[in-house]
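Read off the chains here:
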Amino acid sequence: MSAQYDYDLFTIGGGSGGVRASRVAAGYGARVAIAEASLFGGTCVNVGCIPKKLFAYAAHFREDFAIAASFGWTVGEPRFDWATLRANKDREIARLNGVYERLLVDAGVAIHRTRAKVRDAHTVEVDGKTITAQHILIATGSWPQVPAIPGRERAITSNEAFHLERLPESALVVGGGYVALEFASIFNGLGVATTLAYRGQRLLRGFDAELATRLGAEMAMKGVALRLQANPTRIDPGLRVAFEDGSAADYELVMFATGRKPNTAGLGLEAVGVKLAADGAVVVDAYSKSTVDSIWAIGDVTNRVNLTPVATAEAMWLAKTLFRGEPTPVDHEIVPTAVFANPNLATVGLSEAAARARFSEVEIYKTSFRALRDSLSAGKEQTFMKLVVDSASQRVLGAHMIGPDAGEIIQGIAVAVKLGATKAQFDATIGIHPTAAEEFVTLRERFLG
Ligand code: NDP
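We now turn to the structure provided with this report. Owing to the predicted nature of the structure, the values given are computational and were not obtained by experimental measurement.

About the criteria used
Residues numbered from 1 in each chain as written. Predicted model: local features only at pLDDT ≥ 70, side-chain atom pairs only at ≥ 80, totals over all residues. Heavy atoms only, no water. Helix = DSSP H or I, 4+ residues; strand = E, 2+ residues; numbered from the N terminus. Expected span 1.5 Å × (residues − 1). Buried < 20%, exposed > 50% of the residue type's maximum accessible area, 1.4 Å probe, protein only. Near = heavy atom within 4 Å. Polar contact = N/O pair within 3.5 Å; in protein donor to acceptor, adjacent residues only side chain to side chain. Areas by Shrake-Rupley, 256 points an atom, 1.4 Å probe, with all protein chains shown as cover. Contact = heavy atoms within 4.5 Å. Core = buried A, V, L, I, M, F, W, Y, C linked by side-chain atoms within 4.5 Å. Salt bridge = Lys/Arg side-chain N within 4 Å of Asp/Glu carboxyl O. Pairing = 2+ DSSP bridges. Axes fitted to C-alpha atoms, helices over the stretch in contact; angles between N-to-C directions.

## Notes on helix α6 (residues 178–189)
- If you check α6, its first and last C-alpha atoms are 17 Å apart, about what twelve residues at 1.5 Å a residue would give, namely 16 Å.
- Here α6 lies mainly inside the structure; ten of its twelve residues are buried.
- Looking only at α6, the buried set comprises Ala180, Leu181, Glu182, Phe183, Ala184, Ser185, Ile186, Phe187, Asn188 and Gly189.
- Once α6 ends, the next one or two residues include Gly191, with phi positive near 95°.

Quick look at the structure:
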């Protein structure tokens, strides 16, 4: 740490990655400042993970009320009030903004509530003034990207979906990734006539194909109108959407969930020698260092694995590298993840196709069943579980699930997969009965390939 500079670390961006890196670095004794022009917490807290999950809970109540009757409960005609949900959500998010800010203040991090720009390898410009730092961290996240079709300005993205004045009667959600599936499920659960249009044949590119296909079928069964190989080409006034196949339909709301782009424009990075990829992402090495020795980047702005827990892990590894004398490369292997659609989908490790490409022979174990909770009602949702195993070593390469609490269950399974557990070790584990999760340690039906 050097007295030659105003700070040891200057962080640009107060989202999950930037806040974590700043306060951990300060905890290691570094003199840290952070610039954030908007609310602390970034996408995850303000227009991502947290409000999304609150909305997903809200949407799920529709089914919960229906199931309650099968357990003998009489619930009157359920009515949903969007304004109440939105206001309660806003209050909770404001509380979290305050928590994030307080964590920084308590850690001794200097806060600049404004945009910052990089001037040279050790200098940032903040409100027309220059501040020097031994290290500069770019943690500016990403922003929704909308395809350049005529009328795109008539559509919204997830940013606006969190603040809608009122819920529409009908909605078109475009895309086949996390955000599209989660919002299609949210709208559908809240009673909006929802269409999901995806340009490809199979949702969730890169995920296990069987899992993705099954999730689409489950969502369709729950009422989402699923249009595959359907891509909008224009949006006319009145929200009439024309599709590639010549069809057209009217919606009250059109939302694009077609990916996100790293936030690097206007930061002055290329002028100081920081290399950007074609999509604008900061190019970094295994330690999150950019092509300039004193400038580092973590989180979505690097477009590696764009998930909050990955950004916070990158943040902690970076703080260790810079201020604890423990150079720690980023570990992006075996990252568990969940799509909070209805039903939930969660996964860790290799898909069946990825495993087959890398290993000479794999064994597949899978099961599907109706959850006990649904057994007294007409609920048809199928819980699905799948293990992908390397035949030679018997290591479990991937675990995949669709069903209630899939994220909670796969988080636990991920520890075993990360540790390299074998199928026999899964089998030697006693199940907890009656749960859905116990199926992961009692899978017997083997499919060779
Ligand atoms: P994703 O990259 O997951 O999905 C983007 C989707 O949009 C894909 O289906 C893609 O299709 C499609 N698409 C891209 N460009 C176009 C286009 N020009 N026209 C039509 N369709 C297009 O992005 P999301 O916006 O859903 O989410 C961004 C990231 O945020 C995710 O990748 C994830 O990392 C993170 N996230 C994580 C969540 C979680 O952990 N639960 C929740 C939400 C987001 P194709 O596959 O054919 O390219």
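## Brief notes about the site of the ligand
- As a structural note, the neighbourhood of the ligand is formed by 20 residues, with Tyr198, Arg199, Arg205, Asn306 and Ala338 the closest of them.
- In this structure, an oxygen atom belonging to the ligand sits 3.3 Å away from a main-chain N or O atom of Tyr178.
- Protein chains shield 76% of the accessible area of the ligand, which is 900 Å² for the free molecule.
- With three residues, the top contributor of residues to the shell around the ligand is α6.

## Some remarks on the environment of Ala155
- Looking at the element boundaries, Ala155 is found in the loop between β7 (142–144) and α5 (158–161).
- Remark: the alpha-carbon pair of Ala155 and Leu253, spanning 98 residues in sequence, is separated by 7.0 Å.
- The residues touching Ala155, leaving out its near neighbours within four places in the chain, are Ile235, Val254 and Phe256.

## A few points about unusual backbone geometry
- In this model, Asn342 is joined to Pro343 through a cis peptide bond whose omega is 5°.
- Inspection of the secondary structure assignment puts Pro343 in the loop between β17 (337–339) and β18 (345–349).
- Cis geometry is adopted by the peptide bond preceding Pro434, which originates at His433 and carries an omega value of -5°.
- Here Pro434 is to be found in the loop between α11 (423–427) and β22 (446–448).
- In this model, Asp127 sits at a positive phi of 50°, which is unusual for a non-glycine residue.

## As for the nonpolar core
- Judged by nonpolar contacts, the single largest core of 40 residues is most densely connected at Leu181, Phe187, Leu196 and Leu204.
- Contributing elements (two or more residues each) for this core: α3 (49–70), α4 (82–107), β8 (170–174), α6, β9 (193–198), α7 (209–221) and β14 (253–256).
- For Leu196, the contacting residues outside a window of four places in its chain are Val173, Gly175, Ala180, Leu181, Ala184, Leu203, Met219, Val224, Ala225, Leu226 and Arg227.
- With 24 residues, the next largest nonpolar core counts Ile138, Val284, Val292 and Ala297 among its residues.

## A closer look at the pattern of salt bridges
- Evaluated as defined, the whole model comprises 25 salt bridges.
- Put simply, Lys222 and Glu381 hold a salt bridge, and the shortest N to O gap is 2.5 Å. Pair noted here: Lys222 is in the loop between α7 and β10 (225–228) and Glu381 is in the loop between β19 (362–370) and β20 (382–390), with a separation of 159 residues, a long-range link.
- Among the residues examined, Glu381 registers a relative accessible area of 9% and is labelled buried.
- With a closest N to O distance of 3.0 Å, Arg234 and Asp236 form a salt bridge.
- For Arg234, a relative accessible area of 36% corresponds to the partly exposed category.
- By relative accessible area, Asp236 is classed as partly exposed at 22%.
- A single network of salt bridges, built from pairs that share partners, joins Asp208, Glu210, Glu352, Arg356, Lys366 and Lys386.

## Brief notes about the side chain of Thr383
- Relative to the helices and strands, Thr383 resides in strand β20.
- Excluding anything up to four places from it in sequence, Thr383 contacts Thr367, Ser368, Phe369, Ala371, Met401, Ile402, Gly403 and Pro404.

## Looking at the sheet that holds β14
- Taken in spatial order, the four strands of this open sheet run β10-β9-β8-β14, and their pairing is parallel. The sheet terminates laterally at β10 and β14, the two strands that pair on one side only. Within this sheet the neighbouring strands show an average axis-to-axis angle of 15°, counted without direction.
- In the sheet, β8 pairs with β9 via five bridges, with the strands oriented parallel. If you follow Val174 over to β9, its bridge partner there is Ala197.
- Contacting β8, β9 and β14, α6 runs over the sheet at an angle of about 165° to β9.

Any link to function would need more than the numbers given here.
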